[in-house]
Amino acid sequence: MTIYNIALIGFGGVNRALTELIAAKNQLWERDLGFRLNIVAVSDLYLGSVISPNGLDAKTLVDAKFEKGGFGQLSGGSAEADNETIIKTAPADIVVEATYTNPKDGEPAVSHCRWALETGKHVVTTNKGPVAIAAPALKAFAKTNGVRFEYEGAVMSGTPVIRMAERTLAGAELKGFEGILNGTSNFVLGRMESGLDFASAVKEAQKLGYAEADPTADVEGFDVRLKVVILANELLGANLKPEDISCKGVSGLSLSDIEEAAKANSRWKLIGAAVRNDDGSVTGSVSPKRLGLDHPLAGVNGATNAVSLDTELLGAVTITGPGAGRIETAYALLSDIVAIHSAGASSTAKEAA
Ligand SMILES: NC(=O)C1=CN([C@@H]2O[C@H](COP(=O)(O)OP(=O)(O)OC[C@H]3O[C@@H](n4cnc5c(N)ncnc54)[C@H](O)[C@@H]3O)[C@@H](O)[C@H]2O)C=CC1
Ligand SMILES: N[C@@H](CC=O)C(=O)O
């Protein structure tokens, strides 16, 4: 049985949910997946940081109601979030990056990932910034250092779109994709269809853990733009940057726009898409579209996402599932660790008797 020591960077909704899963399911994972997870460090801008080489008890971490700087009360803790020291010196096999997504330059998460990879630690992340903005450089660091950079949760939360398209659809010849790639805006549009105003619907999405720290990213389309870049670069071999993608969000849609669409048997959806052009270049876009009720994406509701992959050999293949949510996204991190484990990375982890 393998034990992976992990360091959590960011202790908000997603990494807390992973900690809850560790507390509840480590034994099950040991039996079914062949490994268990041991949290040896945590660093969070608000709570501070802590290193515990023998491991922190996951249930205690979840149950404790830490205040600002609260990790300072723990043995090996500090009220400051010293991410660089934690990432470089904690005895971790895997760094779990779940700080906020910075849609402009991906920092400080890009540096968090780089420090981890440079010091020989695998990285699993749900943070879209480093993946959309610095994936080629981070993959190169990973390769040089013999570790892995995994990010399934960066698009569609725990729903396995990246690995599924890359591995299971290899050879199907992807020509493009279109999808609903933001849980918050889809949830907000649905709540507006029930008559709720825009601001109250956004507040609900925040409470449910779907929204970004700054929900502007969700409703103005910036979050979907990062996801389109990630899918286009990863699956269509493009080399797009966020600024290459035209981007309009849902904040301009009023309750009367929504009602008018309903009267015409249609619904507004925020659609992220990319297509390979005849000259081989790839064009991406993000914008609200009014879809007839018979459109396959029109029935995708709430924080559920869906992406329709247009392939040469199979035609359209649509993947649907949760696009946001704390536990759902923590599952993506687990799936990344399973991928690392399956790739035989257990040589870097402690083998327990
Ligand atoms: N919540 C969701 O449904 C999904 C979230 N994601 C991404 O996962 C990441 C985490 O999401 P949540 O946990 O929901 O966000 P959150 O806002 O609940 O938590 C982020 C945590 O990171 C901490 N933080 C911010 N800057 C930091 C820094 N420089 N150093 C250390 N800690 C820092 C904050 O104090 C906060 O506790 C984000 O990048 C988000 O875009 C991806 C897919 C779905
Ligand atoms: N805020 C995002 C979270 C997942 O990426 C969303 O609502 O989809």
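Predicted, not measured: the structure shown is a model, and the values here were computed from it.

Things to note about the UniProt feature "domain: Aspartate/homoserine dehydrogenase NAD-binding" (unreviewed entry) in the protein chain
- Mapped onto this numbering, the UniProt entry gives "domain: Aspartate/homoserine dehydrogenase NAD-binding" (unreviewed entry) at residues 10-152.
- Taken end to end, residues 10-152 is 42% helix and 22% strand, and its first and last C-alpha atoms sit 18 Å apart.

Describing helix 5 (residues 128-144)
- A rise of 1.5 Å per residue sets the reference length of helix 5, with its 17 residues, at 24 Å; its end C-alpha atoms lie 22 Å apart and thus fit the reference within 8%.
- The largest bend in helix 5 comes to about 95°, at Ala 134, with the proline Pro 136 one to four residues further on.
- For helix 5, the full list of buried residues reads Lys 128, Gly 129, Pro 130, Val 131, Ala 132, Ala 134, Ala 135, Leu 138 and Ala 142.
- Looking at the packing, one finds that the buried side of helix 5 touches helix 4 (109-118), strand 6 (122-125), strand 7 (149-150) and helix 10 (222-235).
- With a side-chain oxygen lying 3.0 Å from the backbone nitrogen of Gly 129, the N-terminal cap of helix 5 falls on Asn 127.
- Looking one or two places after helix 5, you find Gly 146, whose phi comes out positive at around 65°.

Topic: the site of ligand 1
- By nearness alone, 24 residues border ligand 1, and Asp 44, Thr 99, Thr 126, Glu 212 and Gly 325 come closest of all.
- Measuring from a nitrogen atom of ligand 1, one finds a side-chain N or O atom of Asn 83 at 2.8 Å.
- Surface burial for ligand 1 is 85%, taken as the share of its 830 Å² of free accessible area covered by protein chains.
- Within the shell around ligand 1, the residues separate by chemical class into eight nonpolar, 13 polar and three charged.

Quick look at the site of ligand 2
- Near ligand 2, the surroundings consist of Lys 128, Asn 182, Gly 183, Thr 184, Tyr 210, Ala 211, Glu 212, Asp 218, Asp 223, Lys 227, Gly 323 and Ala 324.
- One nitrogen or oxygen atom from the side chain of Lys 227 is found 2.8 Å from an oxygen atom belonging to ligand 2.
- Broken down by class, the residue content of the shell around ligand 2 amounts to three nonpolar, four polar and five charged.

Description of the nonpolar core
- Judged by nonpolar contacts, the single largest core of 65 residues is most densely connected at Phe 149, Phe 177, Leu 231 and Val 307.
- At eight residues, the largest contribution of residues to this core is made by helix 10.
- Residue contributions to this core reach at least three from each of two domains, namely domain 1 (2-158 + 327-351) and domain 2 (162-322).
- Other than its neighbours up to four places away in sequence, Phe 149 contacts Cys 113, Leu 117, Val 123, Thr 125, Val 131, Ala 135, Leu 138, Lys 139 and Ala 142.
- Among the nonpolar cores identified, the runner-up in size contains 30 residues, and Leu 8, Leu 56, Phe 71 and Val 96 belong to it.

Details of the side chain of Thr 126
- Within the element layout of this structure, Thr 126 appears in the loop between strand 6 and helix 5.
- According to the relative accessible area criterion, Thr 126 is buried, its value standing at 10%.
- Not counting residues up to four positions away in its chain, the partners in contact with Thr 126 are Val 14, Glu 97, Ala 98, Gly 153, Ala 154, Thr 329 and Leu 333.

Concerning the pairing of strand 11 (residues 282-292)
- One ladder, built from two bridges, connects strand 9 (residues 246-247) with strand 11; its direction is parallel. What sits directly across from Cys 247, in strand 11, is Val 286.
- Here strand 10 (residues 266-276) pairs with strand 11 via eleven bridges, running antiparallel. From the neighbouring strand, Ala 273 faces strand 11, where its bridge partner is Ser 285.
- Hairpin connection, strand 10 to strand 11: the antiparallel pair is bridged by five residues, and Gly 280 has positive phi, about 95°.

Conventions adopted
Residues numbered from 1 in each chain as written. Chains lettered and ligands numbered in written order. Predicted model: local features only at pLDDT ≥ 70, side-chain atom pairs only at ≥ 80, totals over all residues. Heavy atoms only, no water. UniProt positions renumbered as here; feature names shortened; annotations may be inferred. Helix = DSSP H or I, 4+ residues; strand = E, 2+ residues; numbered from the N terminus. Expected span 1.5 Å × (residues − 1). Bend = angle between axes of the 7 residues up to and from the residue. Buried < 20%, exposed > 50% of the residue type's maximum accessible area, 1.4 Å probe, protein only. Contact = heavy atoms within 4.5 Å. Polar contact = N/O pair within 3.5 Å; in protein donor to acceptor, adjacent residues only side chain to side chain. Near = heavy atom within 4 Å. Areas by Shrake-Rupley, 256 points an atom, 1.4 Å probe, with all protein chains shown as cover. Nonpolar A, V, L, I, M, F, W, Y, C, P; charged D, E, K, R; others polar. Core = buried A, V, L, I, M, F, W, Y, C linked by side-chain atoms within 4.5 Å. Domains from an automatic or database assignment. Pairing = 2+ DSSP bridges.

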